[in-house]
Amino acid sequence: MAPDEKLARYRSMRDFDATAEPSGDEPLPRADDRPRFVIQEHHATALHWDLRLERDGVLVSWAVPKGLPPDPKKNHLAIQTEDHPLAYIDFEGQIPEGEYGGGQVHLWDTGTYDLHEWKDGKVQVTFHGRRAHGRYALFRTRGKQWMIHRMDPPEDPAWQPPRDDWRPMRPVHGPLPDGAGWAFEVAWPGQRMLARVEGGRAYATDVDGNDVSSRWPEARAMAETMGATQAVLDAIAIVPGADGRPDSEGLLRRLGATDHTVRRLSRDLPATITLVDLLWIDGHDITHDAYRDRRDRLLGLGLDGPTWQTPSDHEGDGAALLGAAAAQGLPGLVAKRVGSPYRPGERSPDWVYVEAR
Ligand code: MN
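Since this is a predicted model, take the numbers as computed values, not measurements.

J.: Before we go on, may I ask you to explain the side chain of Glu41 in this structure?
T.: Mapping Glu41 onto the fold places it in strand S1 (residues 36-43). Here His43 takes part through its side chain, which lies 2.8 Å from a polar atom of the side chain of Glu41. Only 3.1 Å separates the side chain of Glu41 from the side chain of Trp49, close enough to count as a polar contact. What Glu41 contacts, discounting residues up to four positions off in sequence, is Leu47, His48, Trp49, Gln104, Val105, His106, Trp108, Gly227 and Ala228.

J.: How should the nonpolar core be read in this particular structure?
T.: Soluble globular proteins tend to bury their nonpolar side chains together. Counting 32 residues, the largest nonpolar core has Ile39, Leu51, Leu53, Trp62, Phe127 and Leu138 as its most contacted members. Mapped onto this core, the elements with two or more residues apiece are S1, strand S2 (47-55), strand S3 (58-64), strand S6 (103-119), strand S7 (122-129), strand S8 (133-142) and strand S9 (145-150). Not counting chain neighbours up to four residues away, the residues in contact with Leu51 comprise Val38, Ile39, Val60, Ser61, Trp62, Val64, Phe127, Leu138 and Ile148.

J.: Sorry if this is basic, but what is going on with the packing of aromatic side chains here?
T.: Centre distance and the angle of the planes are the two values used to describe a pair of aromatic rings. Taken as a whole and judged by the stated rule, the model has nine aromatic pairs. Every member of this aromatic cluster is reached through a ring pair, and the members are Tyr10, Phe16, Tyr88 and Phe91. Residue placement shows Lys336 over the ring face of Trp351; its charged tip is 3.7 Å from the ring centre.

Conventions used here
- Residues numbered from 1 in each chain as written.
- Predicted model: local features only at pLDDT ≥ 70, side-chain atom pairs only at ≥ 80, totals over all residues.
- Heavy atoms only, no water.
- Helix = DSSP H or I, 4+ residues; strand = E, 2+ residues; numbered from the N terminus.
- Polar contact = N/O pair within 3.5 Å; in protein donor to acceptor, adjacent residues only side chain to side chain.
- Contact = heavy atoms within 4.5 Å.
- Core = buried A, V, L, I, M, F, W, Y, C linked by side-chain atoms within 4.5 Å.
- Buried < 20%, exposed > 50% of the residue type's maximum accessible area, 1.4 Å probe, protein only.
- Phe/Tyr/Trp six-rings, centres within 6.5 Å; stacked < 30°, edge-to-face > 60°.
- Lys NZ or Arg CZ within 6 Å of the ring centre and 35° of its normal.

If you want it as structure tokens, here you go:
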């Protein structure tokens, strides 16, 4: 099929007076013969990455909801989409809302690839990009559904998946510790969770390991802004009242949400995902690192947005923070040893819950 015929579907789906995307009539820019690829991060209704391979005058395309898998043990879904014109290889910008694929597109990576195999339903390539490297196989499972599999070992040899059995670390109750080596955080009343973020999605579990992802769409909104960063975060979902302080009645209503009411409740009683710790980041378990180092990594992620925040901790004057918490009607503070590791699922004297009175 000639490129023009292959692009018929692409063109039929778009109004080129409304979108800045290329129509496919652009002159072809290149002569060198190594085929190119592009991966575009596309913040459409659902975040995904569009993988496009130059082939026979068009860009053969897949939408990959979680992006390229870094780990050969974990394949990712890839949905084949319509062939795109070659000029799409540098496209980035805003596709107008209401148009097909409305949302922001930016170039996540471009480069060339070595072709090992291209058959109906099976493609094998090695990427040479700035971010994407290594050999991958795409294979069709059913209709437009494909999977993408990394054939090389993880690019980072130390890369390890996070553990599924991690649960939040818990404090003991006690008096305010004195002496140096403690950091103090406000004890936020809310739902404690671990949020696993991957490919712009958040999978959240409570202290017992129950899936609470659908209860807190605010966590997903946060995950979308994290792009390809993968992390396991310790967080507390709090529900602020009209005065901005955590509202226990609002929290109870959010905890009682059903699949039918969660959308309305999250609009009427929006939660704030309050991030307190970081257990794993981009293939690295950091639970053995000191609290101070984990917190610095967490703060470095800059996770502050409309429905999420990373409040600072306070080293030093615990009594002052306890007084301030009491004055604000907050339940107390949590003192944490700055040199201590994260002990998933354990109740540890390295963390002390101090009630305000
Ligand atoms: Mn797309």
